[in-house]
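# Fold and geometry: a report
Each chain is listed here by its residues.
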Amino acid sequence: GCSWGYGPKNGPDHWHEMGFPIAKEGARQSPIEIKSQEAKYDCNLKPLNLSYDPASSKSISNTGVSIQVDFDDCSDRSVLTGGPLCGKYRLRQFHFHWGACDGHGSEHVIDGKNFAGELHLVHWNAEKYSCFGDAVKAPDGLAVIAVFLKVCDSNPALQKIVCSLECLKSKDSKSEFKDFSPCSLLPSCLQYYTYLGSLTTPPLCESVIWLVLKEPVTKQPLDCYRIPGSS
Ligand code: BO1
Ligand code: ZN
């Protein structure tokens, strides 16, 4: 059958008529454009505190719309606290969004600027809810860190993911992905914008506390390689 996607007939403008009316009727739908001038400094917001155990990464898969790395979230092995959050949020997965060319691909936009891609680190409130499925239905269930990706220098951490893409060419393919530290994908500065929003893809649940990092990280263009020794 015809399911949601990013094409002209099943893309975001059609999701509301494909079983997800919240796309149009929702009160806190994501993504959004962040207008930096309208954001207000809030002295109640704490720094983000990430405590990630690299040994909790499990696998990498092609979901059909993204490349995703899943983590063991049966206990508090990799957790996010701080920012606007109450309690601990457990890391469940991270995945990427990108476009067909470098000029677009990010979901969030800052002051009219679109980036080449966006990394999402998805966490759920394990102090209040007993599983991801319960958390995704709650207004304070999820916390997602968004990191903008821009094309320029090399990025060794991303390279490890790029190398595994070779085995992930078809939807639902999956391979082992152990001992990966998601911290290696983050910028040095963790300043962020925060707002209450939703999943950016169906089911579009309005359960996400968004933490959009101001500083982007870099990704290598896929079509530029230098032969070693050729200078
Ligand atoms: S996002 O971070 O807002 N782009 C986003 C969008 C959709 C999901 C997660 C994050 N979907 C959910 C699925 C669940 C699945 C879960 C964790 O991701 O609805 O079925 O268990 O992978
Ligand atoms: Zn996402």
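Residues numbered from 1 in each chain as written. Chains lettered and ligands numbered in written order. Predicted model: local features only at pLDDT ≥ 70, side-chain atom pairs only at ≥ 80, totals over all residues. Heavy atoms only, no water.

To continue, consider the site of ligand 1. Near ligand 1, the surroundings consist of 14 residues, among which Q68, Q93, H95, T200 and T201 are the closest. The separation between an oxygen atom of ligand 1 and a polar side-chain atom of Q68 is 3.3 Å. Separating a nitrogen atom of ligand 1 from a side-chain N or O atom of H97 is a distance of 3.3 Å. For ligand 1, whose unbound accessible area comes to 500 Å², protein coverage reaches 75%. Examining the composition of the shell around ligand 1, we find that four residues originate from one element, strand β6 (residues 89-98), more than from any other. (Near = heavy atom within 4 Å. Polar contact = N/O pair within 3.5 Å; in protein donor to acceptor, adjacent residues only side chain to side chain. Areas by Shrake-Rupley, 256 points an atom, 1.4 Å probe, with all protein chains shown as cover. Helix = DSSP H or I, 4+ residues; strand = E, 2+ residues; numbered from the N terminus.)

Here we come to the coordination of the zinc ion (ligand 2). Distances from the zinc ion (ligand 2) to its protein donors, H95 (NE2), H97 (NE2) and H120 (ND1), fall at 1.9 to 2.0 Å. Of note, the zinc ion (ligand 2) draws all its donor residues from one chain, in the sequence arrangement H-x1-H-x22-H. With H95 in strand β6 and H120 in strand β8 (residues 117-125), the pair connects residues that are 25 residues apart, well separated along the chain. Of the two residues, H95 and H120, neither departs from the other in class, the shared state being buried. (Donors = N, O, S within 2.8 Å, 3.2 Å for Na, K, Ca; no water. Buried < 20%, exposed > 50% of the residue type's maximum accessible area, 1.4 Å probe, protein only.)

The next thing to look at is the pairing of strand β9 (residues 142-151). For β9, the buried fraction is high: eight of the ten residues fall into the buried class. Here eight bridges tie β8 to β9, and the two strands are oriented antiparallel to one another. The residue bridging H120 from the neighbouring strand is A146, located in β9. Bridge count between β9 and strand β12 (residues 208-213): five bridges; the pairing is parallel. Following the sheet pairing, I145 is matched in β12 by L211. Note: β9 against strand β13 (residues 217-219), three bridges, orientation parallel. (Pairing = 2+ DSSP bridges.)

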